[in-house]
Amino acid sequence: MAGSLVDRMVGAAFLNIDTYEDVEHDEEATGQAAAVVVMVAVASAIGGLGTGAPGALRGAVGSLVGWAVWAGITYLVGTKLFGGTATWGELLRTLGFANAPGVLMILGIIPFLGRPIMGVVALWVLVASFIGTRQALDFGNAKTFATVLVGWVCYAILNWIF
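Note that this is a predicted model, so its numbers are computed, not measured. (Residues numbered from 1 in each chain as written. Predicted model: local features only at pLDDT ≥ 70, side-chain atom pairs only at ≥ 80, totals over all residues. Heavy atoms only, no water.)

Participant: Even after reading the chapter, I still don't get the pattern of salt bridges, so can you show me in this structure?
Facilitator: Should their charged atoms come close, side chains of opposite charge can pair. With the rule as written, the count across this model stands at 2 salt bridges. Across the pair D22 and R8 runs a salt bridge whose closest N-O atoms are separated by 3.0 Å. Here R8 lies in helix 1 (residues 5–13) and D22 lies in helix 2 (residues 17–25), a separation of 14 residues in the sequence. On the accessibility criterion, D22 (16% relative accessible area) is buried. (Salt bridge = Lys/Arg side-chain N within 4 Å of Asp/Glu carboxyl O. Helix = DSSP H or I, 4+ residues; strand = E, 2+ residues; numbered from the N terminus. Buried < 20%, exposed > 50% of the residue type's maximum accessible area, 1.4 Å probe, protein only.)

Structure (structure tokens):
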């Protein structure tokens, strides 16, 4: 199933379940998902100018590492603890595309409105990530919430350690 990067980003941003199912099953979409993560990192860096945000290159590398680690943690928690049926690659792709609304982080550069816009976009990405996780693991909402919560605690602990 070949889908254009832009079409998939729009579908993911509009929380289209079929888009998440498409990228979940298309192993060739991993590169596209990585491109989304890098684009969002650059948009966030530009949107965060003047707020101490990391440079675009450092942010892009950090975002790629964070994306891979988060997908790994979500995979382990979701499959081993709660019995989900995803592979790490499926979560990598759905969570990568769940970042699609984050390209709007570039609007953070707008004086006075930037921070509120970035806050709304961050919540939007959170909802999209929930949907991407749910679709990849083939869960209902309760197990998805538990997976994300336990995964977030694990991720926070790892982040604190390193």
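Participant: It is not clear to me how helix 7 (residues 141–161) should be interpreted in this structure. Could you clarify?
Facilitator: Since there are 3.6 residues in each turn of an α-helix, residues three or four apart along the chain are aligned in direction. For helix 7, which comprises 21 residues, the first-to-last C-alpha distance of 30 Å matches the rise-based estimate of 30 Å (1.5 Å per residue) to within 8%. Among the residues of helix 7, T144, T147, V148 and G151 are the ones counted as buried. The buried residues of helix 7 occupy an angular sector of 95° when projected down its axis, which confines them to one face. Those residues of helix 7 that are exposed and angled more than 90 degrees off the buried face are A142, F145, W160 and I161. (Expected span 1.5 Å × (residues − 1). Arc of directions from axis to C-beta.)

Participant: Help me out: how do you make sense of the nonpolar core in this one?
Facilitator: Counting 26 residues, the largest nonpolar core has Y20, V36, W67, L91, L95, F97 and A100 as its most contacted members. In terms of residue count, helix 5 (residues 88–98) provides more of this core than any other element does, 5 residues in total. In contact with V36, other than residues within four places in its own chain, are L5, M9, G96, F97, N99 and A100. (Core = buried A, V, L, I, M, F, W, Y, C linked by side-chain atoms within 4.5 Å. Contact = heavy atoms within 4.5 Å.)

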